Amino acid sequence: MPEKSFVMGVDIGTTSTKATIFTTESHFVASHTIEYPLFHPKTDYAEQDPNQIYQAVLDSIKLVIQRAKLHSSQLLGIGFSSAMHSVIAVDVDGHCLTNSITWADNRSNEYAKRIKEEWNGHDIYLRTGTPIHPMSPLSKLMWFKEEAQEIFQKASKFISIKEFVIWKWFNQYLVDYSIASATGLFNLKALDWDQEALDLIGISKERLSKPVPTTTILKEMDVKAATYMNVPVDIPVVIGASDGVLANLGVGAIEPGKVALTIGTSGAIRAVVNQPITDPTGRTFCYALTENHWVIGGPMNNGGIALRWFKDQFSMTEVEMAKDRNKDVYDIMIEQAEKVQAGSNGLLFLPYLSGERAPSWNANARGVFFGMSITHQRQHFIRAILEGVIFGVYSIGKALNELAGPASEIRVSGGFARSEVWRQITADIFQQKVIVPESHESSGLGAAILTMYALGLLTSLEESKHMIHVLNEQLPNRDHADVYQELYQLFSTLSVQLNESFDQISELQRKSFNKFEE
């Protein structure tokens, strides 16, 4: 293979950072993952240590190069993907005044409500594309302004985790259009910070990073960092985009009718359009990929985490079976679910264990099993979880169809894509063909493809569709359409009718938790 024929995508995720090396034909070479914890010091808090994540970035890059047995000179460049919505307050010297406040942090829930109901939040959403929700840095900064005034005043900058890494490497405060467009502070049409949003929280542009295109190339890395990772100081680093929009690129879903569905711990469904589109009813987001590629869709809090919760609390039988058979416990659980007919014999699961984002954007939503009877067994509950997660995504997909047009195929990625049963449930609920790309590392591959585009190795992002290798396809079972449509109507009705009850029970839970902490 000729020298310098590889690119690297580095995906800074919620629970880990993964560095992956691909050939310039997008074939997987090697990857290395470094995990780190999520802290919950108080009710509704979800934080991480920025320096721990920075070290994970350094180590994952260093170790994946070793694993691939490459000389660093063979790398054409490094591109970044990153989780969205994080906020770190830093002082004038760049030292962290706070942990990284992640997308999962709900401490600003009350301020999100006030922004939405009292402070012209819907108009801000229509310009910025980020729904008003505690995940949004807009809501987080309002919380800082009102509840952590000393830090708010002392902070020189408010940045995301990727901006923190870029600052450590290049001594510049830069934010790509994609991450900026997920803050609730960025005007999508002007490609600059939105003045009304800034005025609302009382900060100037100078306290945020400079917005730049996702294809921006940076060189002259910090010598200490480059030496540690064993890469050249002048290796091109493409600032990249957010993990969600890059997942579309990584699965080849950047043309009309092609929808990307990712389910890992959480989930999202997205489509690409050629200009910013926001939803008059506020159900969906709109984030930048490039100036000519905009990703619309919606995230859900509860994907694989719902299955993991059931495994941890109720599946000791499957855990023991997995040990005896030397198999993954989730494979055993899904084998049990496969024994159950479509619709789980009328057992319905609302998967709101961690509140919910799209399409309701209700942080107080809670999980529900509905329709339980004495005839239901463990395997019915497992299948109901698989179906409930897809019903949640399907509800976002219906909104997406209204804005971007009907989907002709769904391209899937994330942990759930490895399960034939879960993919078939997806095809049956959507009644659409489901395509599984060869690489499950969709965000990392998307970062690598964007890097190749920025470096001039691709003439357009559309050219990359020939680089996405398809592993298999699944067609919908028409016999399951009626039962799933009937259950979805009930799912949708319950989700709306229980909103007031969700608020009541979540308040009761907070009181109980706070009393326990005392």
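Below or above, wherever it landed, is the structure these notes cover.

### What to know about the packing of aromatic side chains
Tallied over the full model, the rule gives 26 aromatic pairs. A centroid spacing of 5.8 Å and a plane angle of 15 degrees characterise the contact between Trp 167 and Tyr 173, whose relative ring orientation is stacked. Residue Trp 167 shares its accessibility class with Tyr 173, and that shared class is buried. Through successive ring pairs, a cluster of aromatic residues spans Tyr 352, Phe 391, Tyr 394, Phe 430, Tyr 484, Tyr 488, Phe 491 and Phe 502. Directly above the ring of Tyr 45 sits Arg 107, whose terminal nitrogen or CZ lies 3.6 Å from the centroid. In this structure, Lys 168 packs its charged tip against the face of Tyr 54, placed 5.0 Å from the ring centre.

### As for the packing of helix α10 (residues 243-251) against helix α16 (residues 442-454)
Contact pair α10 / α16: the axes reach a minimum separation of 7 Å and the direction vectors enclose 80 degrees. Overall, the two elements α10 and α16 adopt an arrangement that is roughly perpendicular. Residues Asp 243, Leu 246, Ala 247, Leu 249, Gly 250 and Val 251 of α10 form the contact with α16, whose own contacting residues are Ser 442, Ser 443, Leu 445, Gly 446, Ala 447, Ile 449 and Leu 450. Class assignment for the residues of the contact of α10 with α16 results in 8 nonpolar, 4 polar and 1 charged.

### Comments concerning the sheet that holds strand β5 (residues 75-82)
If you trace the 6 strands from one edge of the open sheet to the other, you get β3-β2-β1-β5-β14-β13, paired in mixed fashion. With one partner strand each, in any of the chains shown, β3 (28-35) and β13 (217-218) form the two edges of the open sheet. Taken together, the 4 bridges between β5 and strand β14 (residues 237-242) define a ladder with parallel strand orientation. Following the sheet pairing, Ser 81 is matched in β14 by Ala 241. Set on the sheet, helix α6 (residues 161-170) makes contact with β1 (6-12), β5, β13 and β14; between it and β5 the angle comes to about 145 degrees. Lying over the sheet, α10 contacts β1, β5 and β14, oriented at roughly 100 degrees with respect to β14.

### Notes on the nonpolar core
Judged by nonpolar contacts, the single largest core of 122 residues is most densely connected at Leu 138, Phe 158 and Leu 185. If one sorts the elements of this core by residue count, helix α14 (residues 378-404) sits on top with 12 residues. When sequence neighbours within four positions are dropped, the list of residues in contact with Leu 185 reads Thr 128, Leu 138, Leu 141, Asp 192, Trp 193, Asp 194, Ala 197, Leu 198, Ile 201 and Leu 208. Core analysis: the second largest hydrophobic core is formed by 43 residues, Val 64, Phe 164, Phe 170 and Leu 174 among them.

So, how was this worked out
- Residues numbered from 1 in each chain as written.
- Predicted model: local features only at pLDDT ≥ 70, side-chain atom pairs only at ≥ 80, totals over all residues.
- Heavy atoms only, no water.
- Phe/Tyr/Trp six-rings, centres within 6.5 Å; stacked < 30°, edge-to-face > 60°.
- Buried < 20%, exposed > 50% of the residue type's maximum accessible area, 1.4 Å probe, protein only.
- Lys NZ or Arg CZ within 6 Å of the ring centre and 35° of its normal.
- Axes fitted to C-alpha atoms, helices over the stretch in contact; angles between N-to-C directions.
- Helix = DSSP H or I, 4+ residues; strand = E, 2+ residues; numbered from the N terminus.
- Parallel < 35°, antiparallel > 145°, perpendicular 65-115°, else oblique.
- Contact = heavy atoms within 4.5 Å.
- Nonpolar A, V, L, I, M, F, W, Y, C, P; charged D, E, K, R; others polar.
- Pairing = 2+ DSSP bridges.
- Core = buried A, V, L, I, M, F, W, Y, C linked by side-chain atoms within 4.5 Å.

These figures capture arrangement, not role.
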